[in-house]
Amino acid sequence: SRRALASLAVPPQAFQSAHPCMRLLPGLSLGGFLMSALLARSVNAAAAARRLPASTCGRAAAALPRLLASPAMGSRRCSGLRMADQSAVAEAPAPPAPVPLPTNANEQLLRIRHSTAHVMAMAVQRLYKDARVTIGPWIEKGFYYDFDRPEPFAEKDLRRIKKEMDKLIGLKLPFRREELSFDEAKARIEAADEPYKLEILDSIVAKDPDAPITIFHIGEPGKANWWDLCAGPHVEHTGQLPKDAIELESIAGAYWRGDEARPMLQRIYGTAWESAEQLAEHRRIGEEAKRRDHRAIGKQLRLFSIQQEAGGGLVFWHPRGARVRRLMEDFWREAHTAGGYELLYTPHMASLDLWKTSGHFDFYADGMFDQMEVEGAQYQIKPMNCPFHVLTYKDEKRSYRDLPLRWAELGTVYRYERSGTLNGLFRVRGFTQDDAHIFCLPEQLADEIQGVLDLTETILTKFGFTEYEVMLSTRPDKAVGSDEIWDKATSALREALGAKGWEYDVDEGGGAFYGPKIDIKIRDAIGRLWQCSTIQCDFNLPQRFGLEYVSPDGGREQPIMLHRAIFGSLERFFGVLIESTAGDFPFWLAPTQLRLLPVSDDYRPYCDAAVARLKAAGIRAEVDPGGRSVGKQIKVANQDKVPILSVVGEAEVGANALKLEMRKGGELGELPLERAIEVLAAAAEKAVEPIEAL
């Protein structure tokens, strides 16, 4: 390569500054540079021999990218921004097909996870005699167990524990159920010196004095074995646990009973599956989830922050993130207005008496901040919007002719969360709910629920979420409202889901005490489910506040109230959106849609003028601030995940045009500025990629 460069008798820097194609190809490889240089030397020689004008030489040099892209020049494609080896892309093996991962609805998997938790606890107590056990449930992706031990566990301990677990699995020890009286169980627990188990035993009896007390043993009768208070279920013996599908993942702290005043325990998390292939897929998804962590991407893309000086769990939306939020809010308002909703704005606080009337002070006091005193009266910062909408309804006399009323609000609420539970945008103390309440007649309920489902689908689809898991939850044992109204409401929910054609599961007895509900989880780009949307019937608040309407016969009737949210909260939904897209937002939602990259400051005035016209058309465009090479500008734009880039040099200025390239691959080509504005504006309006708007 050096000999080839020397044969050109010109340093690369001089060649790059002399030829526009090299200025526009900062990512050109050495081989590409040599090919370009040799071609350019030939062009220059021909021009000198034939006395061609300089403009002809310039046009020939500018044509080099097309020459390099032609079949005769091999398989390298050279664009205005970067080169991609097409043959390498074509020959790259396709990624393996995802392995379907079962859930705990699979009873065998649930048994595996529960039994593995017990085996882990047994292994821990065999290895660390000073460890006391507390609780060890199965969870969505595996299991955990909490231990009280003087010395902290380290990562190396996980390997040692797993090795001991493998031994126990190899012994094929049986799981045995035993039912005891309260006194027998208490005596055994005291003999084992397990105070946490004693507290669990007391709580079981306090909740239900007639509840059976059961323990599960691991091991043969009469031999050394391990046992724990447990209702099951379990596998038959440890040999049924697939050791190559089990992994201990992490160590965390957890307060006993979630109470900060109680001892801090050590929690060991693990995962268990039916096969090694499922475990490998779980790992793959886990690694992908780390890459998509919204906290890291939010910082990288300068979208939001949580400032500890202001306090934990309080979100600061930075300019780039605020642009996305504004787009989310604008679309939300447009969709609701089109769906027949009126928008409300309500206060951020209210008299404590309001929260006592609504029942929030009695039922949700732990999730509310402390009250403040105002002129001798107590006020509460709001944890929910519902009572404010109820008061708005109650403010004037209503007739059956007025119903249904659909009111929506982007209302910011504040809820107390322990500092240890805060998690980026997913668990915060202040957030904005996309709250709405519908007041309707019983005979209107099914149609209103259908309308909510349609609106939910419209909004979620706009943001790329098209796969859902739906759950219908029915009347619990303790509930308000008559059997008749519960039956009507539940039937209306079923009817609406049936008309929508959505599959759903039923959680019998899982409804709120004030009404049945539908919960919708959305599936993201890597297959994870996120709880977002909910529709809840409420027979409680209308009763507590004495809501009524004048019926056709002149009597007074109580309306049915529907609570519903689609995003859930703007903060949480934004976090899910960041992770699903890995921060690579669709064009219509990108904080910056187009960035112009001037070759030098000579072309900045043109870029500034072009950006002004683009912004006037509603396009979020900007100029690179400068002070760096075009190559560095491209690198920064890629890091910022700007979807469309345009290098601007002499040719673009002369033609009053922009050459647009999509960061994800593909070119829109060189377009007159007005045509470029037209294409980009159309793409944003239609929520499609610009290449689809050409």
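Since this is a predicted model, take the numbers as computed values, not measurements. (Residues numbered from 1 in each chain as written. Predicted model: local features only at pLDDT ≥ 70, side-chain atom pairs only at ≥ 80, totals over all residues. Heavy atoms only, no water.)

A. Molecular detail of the overall build of the chain. Assigned secondary structure in the chain consists of 25 helices and 30 strands. Looking at the 694 residues of the chain, the share that counts as buried comes to 48%. Sequence separation of 24 or more characterises 69% of the internal contacts of the chain that already satisfy a separation of 6 or more. Entry remark: accessible area of the chain is about 33,200 Å², with carbon and sulfur atoms responsible for 51%. (Helix = DSSP H or I, 4+ residues; strand = E, 2+ residues; numbered from the N terminus. Buried < 20%, exposed > 50% of the residue type's maximum accessible area, 1.4 Å probe, protein only. Contact = heavy atoms within 4.5 Å. Areas by Shrake-Rupley, 256 points an atom, 1.4 Å probe, with all protein chains shown as cover.)

B. Seen up close, the packing of aromatic side chains. As enumerated under the stated definition, the model contains 23 aromatic pairs in all. For the ring pair F426 and W530, a centre distance of 4.8 Å and an interplane angle of 45° mean the geometry is tilted. Remark: W530 occurs in strand β22 (residues 529-538) and F426 occurs in the loop between β17 (405-414) and β18 (430-440); sequence separation between them is 104 residues. The burial state of F426 is the same as that of W530; both residues are buried. An angle of 55° between the planes, with centres 5.4 Å apart, marks the rings of F463 and W588 as tilted. Remark: W588 occurs in the loop between α21 (570-581) and β26 (594-598) and F463 occurs in the loop between α18 (445-462) and β19 (468-473); sequence separation between them is 125 residues. Each member of the pair, F463 together with W588, is buried. (Phe/Tyr/Trp six-rings, centres within 6.5 Å; stacked < 30°, edge-to-face > 60°.)

C. Structural view of the packing of helix α22 (residues 604-616) against helix α25 (residues 673-686). Here α22 crosses α25 at 40°, and the two axes come no closer than 10 Å. Classified by the angle between their axes, α22 and α25 sit oblique to one another. Handedness of the α22/α25 crossing: right-handed. The segment α22 lies against α25, with Y606, A610, R613 and L614 engaging L673, E674, I677 and L680. Here the contact of α22 with α25 is built from residues that sort into six nonpolar, no polar and two charged. (Axes fitted to C-alpha atoms, helices over the stretch in contact; angles between N-to-C directions. Parallel < 35°, antiparallel > 145°, perpendicular 65-115°, else oblique. Left-handed = near helix turned anticlockwise from the far one by under 90°. Nonpolar A, V, L, I, M, F, W, Y, C, P; charged D, E, K, R; others polar.)

D. Region of the structure containing the pattern of salt bridges. For the structure on display, the rule yields 44 salt bridges. In this structure, K197 engages D228 in a salt bridge whose closest nitrogen and oxygen atoms are separated by 2.6 Å. One end of the pair, K197, is in helix α11 (residues 195-207); the other, D228, is in strand β8 (residues 226-229), and 31 residues separate them in sequence. D228 carries the same exposure label as K197, and that label is buried. (Salt bridge = Lys/Arg side-chain N within 4 Å of Asp/Glu carboxyl O.)

E. Quick peek at empty space enclosed by the protein. For the structure on display, the rule yields two cavities of 30 Å³ or more. Here the second largest cavity is characterised by a volume of approximately 30 Å³. In terms of lining, the second largest cavity is formed by P643, M662, R663, K664 and E689. (1 Å grid on protein atoms, 1.4 Å probe; cavity = no way out; pocket = protein on both sides within 12 Å on 5 of 7 lines; lining within 4 Å. Points joined across faces, edges and corners; volume = space filled by probe spheres on them.)

F. Seen up close, the sheet that holds strand β29 (residues 657-662). With respect to topology, five strands assemble into an open sheet ordered β27-β26-β28-β29-β30, the strand pairing being mixed. Edge positions in the open sheet fall to β27 (621-623) and β30 (667-672), since each of these has one partner strand only. Each adjacent strand pair in this sheet contributes to an overall mean axis angle of 25°, direction not counted. As paired elements, β26 and β27 share three bridges and run parallel to each other. Bridging across to β27, L594 finds its partner in A621. (Pairing = 2+ DSSP bridges.)

G. Up close: the sheet that holds strand β21 (residues 517-523). With mixed pairing, eight strands are arranged side by side in an open sheet as β13-β17-β18-β25-β22-β21-β19-β20. With one partner strand each, in any of the chains shown, β13 (342-343) and β20 (505-507) form the two edges of the open sheet. Relative to β21, β19 is paired through six bridges, and the arrangement is antiparallel. Within β21, the residue paired with S473 across the bridge is K517. Across the sheet, α18 touches β17, β18, β19, β21, β22 and β25 (560-565), and the angle it forms with β25 is around 10°. Sheet strands touched by helix α19 (residues 483-500): β19, β20, β21, β22 and β25. Its angle to β19, the strand with the most contacts, is close to 160°.

H. Local environment of the confidence of the model for the chain. Put simply, the chain has an average pLDDT of 86, and 86% of its residues get 70 or more. Residue range residues 1-93 is modelled with pLDDT below 50. Its contacts to residues more than four positions away, or to other chains, number 99 contacts. (pLDDT = per-residue confidence, 0-100.)

I. Here's a closer look at the side chain of K197. Classification of K197 as buried rests on a relative accessible area of 5%. Side-chain polar atoms of K197 contact the side chain of D228, separated by 2.6 Å. In contact with K197, not counting residues within four places along its chain, are V133, T134, Y145, I189, D228 and L229. (Polar contact = N/O pair within 3.5 Å; in protein donor to acceptor, adjacent residues only side chain to side chain.)

J. Structural context of unusual backbone geometry. Note the cis peptide between G232 and P233, where omega equals 0°. For P233, the location among the structural elements is in the loop between β8 and β9 (246-255). With omega at 5°, the peptide bond leading from L403 into P404 counts as cis. Summarising the element assignment, P404 is placed in the loop between α17 (386-394) and β17.

K. α25, seen in detail. Over its 14 residues, α25 extends 20 Å from the first C-alpha to the last, a length consistent with the 20 Å expected when each residue adds 1.5 Å. Taken together, the buried positions of α25 are occupied by L673, A676, I677, V679, L680 and A683. Axial view of α25: buried residues confined to an arc of 165°, hence all on one face. Exposed and oriented more than 90 degrees from the buried face of α25 are E685 and K686. Looking at the buried side of α25, the elements it contacts are β26, α22, β29 and β30. (Expected span 1.5 Å × (residues − 1). Arc of directions from axis to C-beta.)

L. Local environment of a nonpolar patch on the surface. Taken together, the side chains of M349, M372 and V374 define a hydrophobic patch exposed on the protein surface, amounting to about 200 Å² of accessible area. With respect to the helices and strands, M349 occurs in strand β14 (residues 349-351). A residue is classified by how much of its surface remains accessible, and M349, at 30% relative accessible area, is partly exposed. (Patch = residues over 30% accessible without salt bridge, like charges linked within 9 Å, V, L, I, M, F, W, Y side chains within 5 Å.)

M. Fine view of the side chain of H234. Relative to the elements of secondary structure, H234 occurs in the loop between β8 and β9. Here H234 falls in the buried class, since its relative accessible area comes to 6%.

N. Region of interest: the nonpolar core. Membership of the largest hydrophobic core comes to 64 residues, with the highest contact counts inside it found for L445, I449, I459, F463, I518, F573 and F574. Here the element with the most residues in this core is α18; it accounts for eight residues. When sequence neighbours within four positions are dropped, the list of residues in contact with F574 reads L303, F304, W317, G321, V324, M328, L425 and F585. A121, A123, I169 and L241 belong to the second largest nonpolar core, which has 30 residues in total. (Core = buried A, V, L, I, M, F, W, Y, C linked by side-chain atoms within 4.5 Å.)

O. A look at the packing of helix α10 (residues 182-191) against α11. Following both chains from N to C, one finds α10 and α11 inclined at 165°, their axes separated by 9 Å at the closest point. What the angle tells us is that α10 and α11 run roughly antiparallel. Handedness of the α10/α11 crossing: left-handed. For the pair α10 and α11, the contacting residues are F182, A185, K186, I189 and E190 in the first and K197, L198, L201, D202 and V205 in the second. Broken down by class, the residue content of the contact of α10 with α11 amounts to six nonpolar, no polar and four charged.

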